[in-house]
Amino acid sequence: MKRTRIVFIGLIALLVLASVVLGACARTKYKAGTYEGASDKRAYGYETAEVTTDANKITQVVLHRRTAEGEIVDYEKYNGTGGRPDLKQYRLDLAQQMLDKQSAEVDNISGATDSVNGWVTAVKQALEKAANK
């Protein structure tokens, strides 16, 4: 009887340990891979994001501004001159902020509010696809 009780307690301890280990392994934040997202399309274009993740963090963010036809804009034309925002630099700065914060929740950039909001939406969409639910 005592031996059966010890075996029973040992089995329960083993099951508890196994569930803790398996639960820890299954609790990753993301599925590893590259995921895409896009903002709503507007008359003058929209924003897209490619977000690469490993199991627990964002490893790369690539942001693009696209024309209404879906082509990547010529960033040489969006360099802060001629009344156009410096999307060439803003997209790089914003992507770095997202990597640093490990989040799409970043500060807006004066002069590029629509583009920044679009990129935030696109990154959130990509992260939703990457989420390990």
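Being a predicted model, the structure only gives us computed values, none of them experimental.

What counts, and where the lines are drawn
- Residues numbered from 1 in each chain as written.
- Predicted model: local features only at pLDDT ≥ 70, side-chain atom pairs only at ≥ 80, totals over all residues.
- Heavy atoms only, no water.
- Salt bridge = Lys/Arg side-chain N within 4 Å of Asp/Glu carboxyl O.
- Helix = DSSP H or I, 4+ residues; strand = E, 2+ residues; numbered from the N terminus.
- Buried < 20%, exposed > 50% of the residue type's maximum accessible area, 1.4 Å probe, protein only.
- Expected span 1.5 Å × (residues − 1).
- Contact = heavy atoms within 4.5 Å.

Caption draft 1: Seen up close, the pattern of salt bridges. The final tally for this structure, using the stated rule, is five salt bridges. Across the pair Glu 47 and Arg 42 runs a salt bridge, and its minimum N-O distance is 2.8 Å. A salt bridge links Lys 88 to Glu 76; its shortest N-O distance comes to 2.7 Å. Residue Lys 88 is found in helix α2 (residues 87-101), and its partner Glu 76 is found in the loop between β3 (58-66) and α2; the two are separated by 12 residues along the sequence. For Glu 76, a relative accessible area of 48% gives the class partly exposed. Here the residues in one salt-bridge network are Arg 42, Glu 47 and Arg 65, joined through shared partners.

Caption draft 2: Examining helix α3 (residues 113-130) more closely. Over its 18 residues, α3 extends 26 Å from the first C-alpha to the last, a length consistent with the 26 Å expected when each residue adds 1.5 Å. All of the buried residues along α3 are Ser 115, Val 116, Gly 118, Trp 119, Val 120, Ala 122, Val 123, Ala 126, Leu 127 and Ala 130. For α3, the elements touching its buried residues are β1 (33-38), β2 (46-53), β3 and α2.

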